[in-house]
Amino acid sequence: GARVLAPEISDSAIAGVRVFGGVMPADSVIIATGGLSYPGTGSTGDGYGFARAAGHTVTPLGPSLCGMITDEKWPAALSGLSLKNVKCTLARPGGKALASETGEMLFTHKGVSGPIILTLSKTAAEAGGPLVLVIDLKPYIPAEELENSFRQAFCGKGLLKGYMEKRLPKAMVPALPVIKEACGLPLSGITAKQRKQLVSARKNGNLSKKSLCPIEEAIITKGGVSTAEVDPKTMASRIVRGLYFCGEILDIDAVTGGYNLQAAFSTGYVAGINAALSKEEEKR
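Here we summarise the structure given alongside this text. Being a predicted model, the structure only gives us computed values, none of them experimental. (Residues numbered from 1 in each chain as written. Predicted model: local features only at pLDDT ≥ 70, side-chain atom pairs only at ≥ 80, totals over all residues. Heavy atoms only, no water.)

## Notes on the sheet that holds strand β7 (residues 82-91)
Paired through their backbone hydrogen bonds, the strands of a sheet run either parallel or antiparallel.
Right, so step 1: Taken in spatial order, the 6 strands close into a barrel running β6-β9-β8-β7-β10-β11, and their pairing is antiparallel. Direction aside, neighbouring strands of the sheet carry axes that sit 45° apart on average.
Right, so step 2: Pairing geometry for β7 and strand β10 (residues 131-136), over 5 bridges, is antiparallel. By the bridge assignment, Cys 88 is partnered in β10 with Ile 135.
Right, so step 3: Packing of helix α2 (residues 115-127) onto the sheet brings it into contact with β6 (68-70), β7, β8 (97-107), β9 (111-113), β10 and β11 (205-212), and relative to β8 it is tilted by some 145°.
Right, so step 4: Here helix α6 (residues 192-203) sits on the sheet in contact with β10 and β11, set at roughly 105° to β10. (Pairing = 2+ DSSP bridges. Helix = DSSP H or I, 4+ residues; strand = E, 2+ residues; numbered from the N terminus. Axes fitted to C-alpha atoms, helices over the stretch in contact; angles between N-to-C directions. Contact = heavy atoms within 4.5 Å.)

## Here's the deal with helix α3 (residues 143-153)
Right, so step 1: Among all positions of α3, only Leu 146, Glu 147 and Phe 150 are buried. Along the long axis of α3, the arc covered by the buried residues comes to 95°, so they all point the same way. More than 90 degrees from the buried face of α3, the exposed residues found are Glu 144 and Gln 152.
Right, so step 2: On its buried face, α3 sits against α4 (160-165) and α6. (Buried < 20%, exposed > 50% of the residue type's maximum accessible area, 1.4 Å probe, protein only. Arc of directions from axis to C-beta.)

## Looking at the environment of Ile 9
Right, so step 1: Tracing the sequence through the fold places Ile 9 in strand β1 (residues 4-10).
Right, so step 2: Linking Ile 9 and Ala 53, residues 44 residues apart in sequence, is a C-alpha distance of 9.3 Å.
Right, so step 3: Among residues more than four places away in sequence, those in contact with Ile 9 are Ile 14, Ala 15, Ala 53, Ala 54 and Val 240.

## Considering the environment of Lys 193
Right, so step 1: Looking at the secondary structure, you find Lys 193 in helix α6.
Right, so step 2: For the pair Lys 193 and Ile 135, spaced 58 residues apart in the sequence, the C-alpha separation amounts to 20 Å.

## Remarks on the pairing of strand β3 (residues 22-25)
Right, so step 1: Summarising the sheet, strand β2 (residues 13-19) and β3 pair through 4 bridges and their orientation is antiparallel. Bridging across to β3, Val 19 finds its partner in Gly 22.
Right, so step 2: Two successive antiparallel strands, β2 and β3, enclose a turn made up of 2 residues, where Gly 21 displays a positive phi of approximately 100°.

## Let's talk about the nonpolar core
Right, so step 1: Residues Met 105 and Leu 160 are the most contacted members of the largest nonpolar core, which totals 43 residues.
Right, so step 2: Beyond its immediate chain neighbours, meaning those up to four positions away, Met 105 contacts Leu 81, Ser 82, Leu 83, Val 86, Cys 88, Val 112, Ser 113, Gly 114, Ile 116, Ile 117 and Ile 135.
Right, so step 3: Core analysis: the next-biggest nonpolar cluster, separate from the first, contains 23 residues, Tyr 48, Tyr 244, Ile 249 and Leu 250 among them. (Core = buried A, V, L, I, M, F, W, Y, C linked by side-chain atoms within 4.5 Å.)

## Quick word on the packing of aromatic side chains
Right, so step 1: Taken as a whole and judged by the stated rule, the model has 1 aromatic pair.
Right, so step 2: Measuring from centroid to centroid gives 5.9 Å for Trp 74 and Phe 107, while their planes differ by 50°, and the two rings are tilted. Of the two residues, Trp 74 is situated in the loop between β6 and β7 and Phe 107 in strand β8; the sequence distance between them amounts to 33 residues. Of the two residues examined, Trp 74 and Phe 107, each falls in the buried class.
Right, so step 3: Positioned above the aromatic ring of Tyr 163, the side-chain terminus of Arg 167 is 3.7 Å from the ring centre. (Phe/Tyr/Trp six-rings, centres within 6.5 Å; stacked < 30°, edge-to-face > 60°. Lys NZ or Arg CZ within 6 Å of the ring centre and 35° of its normal.)

## Here we look at the pattern of salt bridges
Right, so step 1: Applying the stated rule across the entire model yields 10 salt bridges.
Right, so step 2: Residue Arg 18 pairs with Glu 8 through a salt bridge whose shortest N-O separation is 2.9 Å. Within this pair, whereas Arg 18 is found in strand β2, its partner Glu 8 is found in strand β1, the two being separated by 10 residues in sequence.
Right, so step 3: Residue classification places Arg 18 among the partly exposed residues on the basis of a relative accessible area of 34%.
Right, so step 4: Across the pair Glu 126 and Lys 122 runs a salt bridge whose closest N-O atoms are separated by 3.5 Å. Placement of both Glu 126 and Lys 122 in helix α2 is noted, with a separation of 4 residues, approximately one turn of the helix.
Right, so step 5: The buried category is assigned to Lys 122, whose relative accessible area is 15%.
Right, so step 6: A single network of salt bridges, built from pairs that share partners, joins Lys 122, Glu 126, Lys 222 and Asp 253. (Salt bridge = Lys/Arg side-chain N within 4 Å of Asp/Glu carboxyl O.)

## With respect to the layout of surface pockets
Right, so step 1: For the largest pocket, the calculated volume is near 340 Å³.
Right, so step 2: Ile 219, Ile 220, Glu 248, Asn 260 and Leu 261 are, among the 20 residues lining the largest pocket, the residues nearest its centre.
Right, so step 3: Those elements that provide at least two residues to the lining of the largest pocket are β12 (220-222) and α7 (259-283).
Right, so step 4: Counting residues per element, the lining of the largest pocket draws most heavily on α7, which supplies 5 residues.
Right, so step 5: Of the residues in the lining of the largest pocket, the class split is 10 nonpolar, 8 polar and 2 charged.
Right, so step 6: Of the voids in this model, the second largest pocket is the one considered here, and its volume is about 240 Å³.
Right, so step 7: Lining the second largest pocket are 14 residues, with Trp 74, Leu 176, Ala 201, Gly 205 and Asn 206 sitting closest to its centre.
Right, so step 8: Secondary structure elements with two or more residues in the lining of the second largest pocket: α5 (177-182), α6 and β11.
Right, so step 9: A per-class count over the lining of the second largest pocket returns 9 nonpolar, 4 polar and 1 charged. (1 Å grid on protein atoms, 1.4 Å probe; cavity = no way out; pocket = protein on both sides within 12 Å on 5 of 7 lines; lining within 4 Å. Points joined across faces, edges and corners; volume = space filled by probe spheres on them. Nonpolar A, V, L, I, M, F, W, Y, C, P; charged D, E, K, R; others polar.)

Written out as structure tokens, the structure reads:
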């Protein structure tokens, strides 16, 4: 029922916890306050201040496992639309691919999100600088095969709009710039150049990453208490006796899939066991 101000330390060892109104004596203290992300859960980042007060290094903090905000505005028109079995590649503009993921993605009012985007956001946070997201809507169909099917279909009757609405979510047809421009054209009037552009729109749709979503919207926090200053066998501080860390406050983060939860459970278990045992061992 009291707000914590800092760990109370005496002679490089834990003496308790300083709170408003005094000090609560303790032989061991575990800092398990979470990160900066998801403040709605009560995780406000106070633990990083507690760690610094104890003399620990806190590596730079930032969002990880989060959506991406794009320079392009058209994804907003598709907000809420989920795509399955697509491939997204994170790359330098006109250059090297940094990472690729295949699976499910989601359009948002600010850009893109979903499982494969969350995974790629970790690479984006580490890479920094200008990045592009290349979206392949048909990763299992080669571009040549797709162009051949276009060539055969574009000899028939009807408009491109109707043809594309049968092969893409309807909302995407007026949203994707290249397809939108040609929607009103008859299939028989599509030129070879336009055909290649349509294939590219489905195989190499580019979005420019403006930034990652703010840390308040991130699933986890990148950065934290330096693991070099924590004993991995006990989660004990190498600087202050009786001080332990666990969970997201540590500088550990992983891709989506439950790995971050497992890290929290495992480090919490180890910290709890050893914090309870430390005083008993001293008595022995």
